[in-house]
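Spelled out, the chains give:
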Amino acid sequence: MGSLYCLLSAAGFGVMAIFAKLSYGAGVSVGALLVVRFGLAALILLAVVALTGGLARLDRRTTLVGLAMGACGYAVQAGLYLAAVSRVDASQVALVFSVYPVLVMVAAVLTRREPASRRRSLALAVAIAGLVFVVNGATAGSFDLTGALLSFAAAVVYTAYILVGDRATAGTDPVPLTAMVCLGAFLSCLVGTSLLGGVDLGFGIEGWFWLVVLVGVSTVAAILLFFAGLARVGPTVTSLLSVTEPVVTVAVAALVFADALSTVQVLGGLLVLVAVVIVQWPTAARLPQIVEPDDRALVPTA
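Residues numbered from 1 in each chain as written. Predicted model: local features only at pLDDT ≥ 70, side-chain atom pairs only at ≥ 80, totals over all residues. Heavy atoms only, no water.

Draft legend 1. How the structure looks around the overall build of the chain. For the chain, the helix and strand inventory stands at 13 helices and 0 strands. The linear arrangement of helices and strands in the chain, starting from the amino end, is α-α-α-α-α-α-α-α-α-α-α-α-α. Across the 302 residues of the chain, 52% fall into the buried class. Restricting the contact set of the chain to residue pairs at least 6 apart, pairs at least 24 apart contribute 90%. (Helix = DSSP H or I, 4+ residues; strand = E, 2+ residues; numbered from the N terminus. Buried < 20%, exposed > 50% of the residue type's maximum accessible area, 1.4 Å probe, protein only. Contact = heavy atoms within 4.5 Å.)

Below, the structure written as structure tokens:
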């Protein structure tokens, strides 16, 4: 069941880009999507925390750390990711963004939090080759440089978020912290969109339907399933099974939008996934420590 929970969580996060594109098609703006997504998710998660007695364990430090992580990190990462989805095929966004575990590895080595190794160097080389193939193999008319850069920027921000969260959230109860992260992201997005002219919630029932589905499936359910799986199979298996997330995005995008990837792009995407597996695959000497910041930082990918 633990492995099943992890796979369902990865699938939930994987289809978020699909639901976002369907929302955009129904007249929802990026700003409205961010505000509604984080606002509803925060309400639902706070209700879960209250029902499970988590509010009693929610101290001042956890509250402040969670709000800061959401406002300064998660909101920015999600905004970049969803802005990329509004400009470029969902499959391309997922493939470029999936390089973030390798970026975490590089940052950990550069800051001397983890030692360099041949395996990590190999993963970096494979990931770079994969990204080059994804970008250069884009078919005419389906590639947007700004969208690709936004995807990569989202991966960079997510990397910083994980590394900062590793230090700031050690030993913290995950679900209450996640509720605070979503609340902080909601407040940040609300302020940001207000400064840019406000949020237009005048879209129709179809737009609200896809937003509710995105919040329920790709935010709340995906996060709770992630923690349920993590508790049963541990961080190593959880991180390896999470590699299926971009695969789900690409497969569903092909079915729903008929997103076409060239052979070179498919090869590039596979190389990115191989690099992630290389980084996170356990060895006889040690378990990969790169997954621990991801778990403790309590971050759903988008």
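Draft legend 2. Region of the structure containing the packing of helix α1 (residues 2–14) against helix α2 (residues 16–25). Orientation of α1 relative to α2, taken along the N-to-C sense of each, is 30°, at an axis distance of 4 Å. If you check the angle between α1 and α2, you find them roughly parallel. Contact residues: Gly 12, Phe 13 and Gly 14 in α1; Met 16, Ala 17 and Ile 18 in α2. Along the lines of polarity and charge, the residues of the contact of α1 with α2 split into 4 nonpolar, 2 polar and no charged. (Axes fitted to C-alpha atoms, helices over the stretch in contact; angles between N-to-C directions. Parallel < 35°, antiparallel > 145°, perpendicular 65-115°, else oblique. Nonpolar A, V, L, I, M, F, W, Y, C, P; charged D, E, K, R; others polar.)

Draft legend 3. Broad picture of the packing of aromatic side chains. Per the stated rule, a full pass over the model turns up 9 aromatic pairs. Consider the rings of Phe 38 and Tyr 74, whose centres lie 5.3 Å apart with planes at 65°: the pair is edge-to-face. Remark: Tyr 74 occurs in helix α4 (residues 60–85) and Phe 38 occurs in helix α3 (residues 30–51); sequence separation between them is 36 residues. Like Phe 38, the residue Tyr 74 is buried in the burial classification. Plain terms: the ring middles of Phe 97 and Tyr 158 are 5.6 Å apart, the flat faces sit at 35° to each other, and that makes the pair tilted. Within this pair, whereas Phe 97 is found in helix α5 (residues 90–97), its partner Tyr 158 is found in helix α8 (residues 145–168), the two being separated by 61 residues in sequence. Tyr 158 sits in the buried class, given a relative accessible area of 0%. Ring pairing ties together the aromatic residues Tyr 81, Phe 97, Tyr 100 and Tyr 158, which thus form one cluster. (Phe/Tyr/Trp six-rings, centres within 6.5 Å; stacked < 30°, edge-to-face > 60°.)

Draft legend 4. Representation of the nonpolar core within the structure. Counting residues in each nonpolar core, the largest one holds 60 residues, and the members touching the most others are Leu 33, Tyr 81 and Leu 82. The greatest single-element share of this core, amounting to 11 residues, is contributed by α4. Once residues lying within four places of it in the same chain are set aside, the contact partners of Leu 33 are Ala 20, Ser 23, Tyr 24, Val 28, Leu 82, Leu 211 and Leu 214. Ranked by size, the runner-up nonpolar core spans 14 residues in total, among them Leu 45, Ala 179, Val 220 and Ala 222. (Core = buried A, V, L, I, M, F, W, Y, C linked by side-chain atoms within 4.5 Å.)

Draft legend 5. Quick peek at the environment of Tyr 5. In this fold, Tyr 5 is placed in helix α1. Sequence-wise, Tyr 5 and Leu 230 are 225 residues apart; in three dimensions their C-alpha atoms are separated by 8.5 Å. If we skip the residues at most four places from it in the chain, Tyr 5 touches Leu 225, Ala 228, Gly 229 and Arg 232.

Draft legend 6. Fine view of helix α11 (residues 244–256). For α11, built from 13 residues, the straight-helix expectation of 18 Å at 1.5 Å per residue is met to within 8% by its first-to-last C-alpha distance of 18 Å. Inspection of α11 places Glu 245, Pro 246, Thr 249 and Ala 253 among the buried residues, and these make up the whole buried set. Down the axis of α11, the buried side of the element spans an arc of 95°, and every buried residue falls inside it. Positive backbone phi, approximately 55°, marks Ala 258, located one or two places after α11. (Expected span 1.5 Å × (residues − 1). Arc of directions from axis to C-beta.)

Draft legend 7. Region of the structure containing the side chain of Thr 159. Along the chain, Thr 159 turns up in helix α8. Filtering out sequence-adjacent residues up to four positions away, Thr 159 remains in contact with Tyr 100, Leu 103, Val 104 and Ala 107.

Draft legend 8. Spatial organisation of the packing of α2 against α11. Look at α2 against α11: their axes get within 9 Å of each other, and the N-to-C directions meet at 35°. Note on element contacts: α11 touches α2 through Thr 249, Val 252, Ala 253 and Val 256, opposite Ala 17, Ile 18 and Leu 22. Classifying every residue of the contact of α2 with α11 by side-chain character gives 6 nonpolar, 1 polar and no charged.

Draft legend 9. Region of the structure containing α5. Most of α5 sits inside the fold, with 8 of its 8 residues counted as buried. When we look at burial in α5, the residues that qualify are Ala 90, Ser 91, Gln 92, Val 93, Ala 94, Leu 95, Val 96 and Phe 97.

Draft legend 10. Structural detail: the side chain of Thr 249. Position of Thr 249 relative to the elements: it lies in helix α11. For Thr 249, a relative accessible area of 1% corresponds to the buried category. Once residues within four sequence positions are removed from consideration, Thr 249 is found in contact with Gly 14, Ala 17, Ile 18, Ala 90, Ser 91 and Ala 94.

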